[in-house]
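# Summary of the model geometry
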Amino acid sequence: MAKFEEAEDRLFKNIWICMKCNAKNRCPSGKPRKCRKCGSIRLRLKHKVKKASK
């Protein structure tokens, strides 16, 4: 993941992915109402990649 907190926020905070067309939707004030590209309301937060522990 990111090396510092600001980079992690930039990559993952308030970024929603459309489950229909996979477009990124950035919305600083919570969940957007619809996708900017296709108009779908099916949105999810961007998944964070977790490191495997040994």
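So, here is what we can say about the structure in this document. None of these values were measured; they are calculated from a predicted model.

Attention shifts here to the nonpolar core. In terms of nonpolar packing, the biggest core is built from 5 residues, these being W16, C18, A23, C35 and L43. When neighbours within four sequence positions are excluded, L43 is seen to be in contact with W16, I17, C18, M19, N25, K31, P32, K34 and C35.

All right, on to the sheet that holds strand β1 (residues 15-18) then. The strands making up a sheet associate through hydrogen bonds between their backbones, and the pairing can be parallel or antiparallel. Ordered in space as β2-β1-β3, the 3 strands form an open sheet in which the pairing is antiparallel. Among the strands making up the open sheet, the edge pair consists of β2 (24-26) and β3 (43-45). When the angles between neighbouring strand axes are averaged without regard to direction, this sheet yields 35°.

A separate point is a positive patch on the surface. A surface patch of positive charge is lined by K24, R26, R36 and K37. On the secondary structure map, K37 appears in the loop between β2 and β3. Here K37 falls in the exposed class, since its relative accessible area comes to 60%.

This brings us to the pattern of salt bridges. For the structure on display, the rule yields 1 salt bridge. Of the charged contacts in the structure, one is a salt bridge between K48 and E8, with a shortest N-O distance of 3.6 Å. In this pair, K48 sits in the segment after β3 while E8 sits in helix α1 (residues 5-12), placing the two residues 40 residues apart along the sequence. For K48, a relative accessible area of 47% translates into the label partly exposed.

A separate point is the environment of I41. Here I41 lies in the loop between β2 and β3. Take I41: its relative accessible area is 62%, and that puts it in the exposed class. Through-space distance from the C-alpha of I41 to that of K20 is 9.1 Å; in sequence the pair is 21 residues apart. Not counting residues within four places of it along the chain, the set of residues in contact with I41 comprises R33 and K34.

Criteria and cut-off values
Residues numbered from 1 in each chain as written. Predicted model: local features only at pLDDT ≥ 70, side-chain atom pairs only at ≥ 80, totals over all residues. Heavy atoms only, no water. Core = buried A, V, L, I, M, F, W, Y, C linked by side-chain atoms within 4.5 Å. Buried < 20%, exposed > 50% of the residue type's maximum accessible area, 1.4 Å probe, protein only. Contact = heavy atoms within 4.5 Å. Pairing = 2+ DSSP bridges. Helix = DSSP H or I, 4+ residues; strand = E, 2+ residues; numbered from the N terminus. Axes fitted to C-alpha atoms, helices over the stretch in contact; angles between N-to-C directions. Patch = residues over 30% accessible without salt bridge, like charges linked within 9 Å, V, L, I, M, F, W, Y side chains within 5 Å. Areas by Shrake-Rupley, 256 points an atom, 1.4 Å probe, with all protein chains shown as cover. Salt bridge = Lys/Arg side-chain N within 4 Å of Asp/Glu carboxyl O. Lys, Arg positive; Asp, Glu negative; His and termini not counted. Charge placed at Lys NZ, Arg CZ, Asp CG, Glu CD.

Geometric descriptors of this kind do not, in isolation, establish any biological role.
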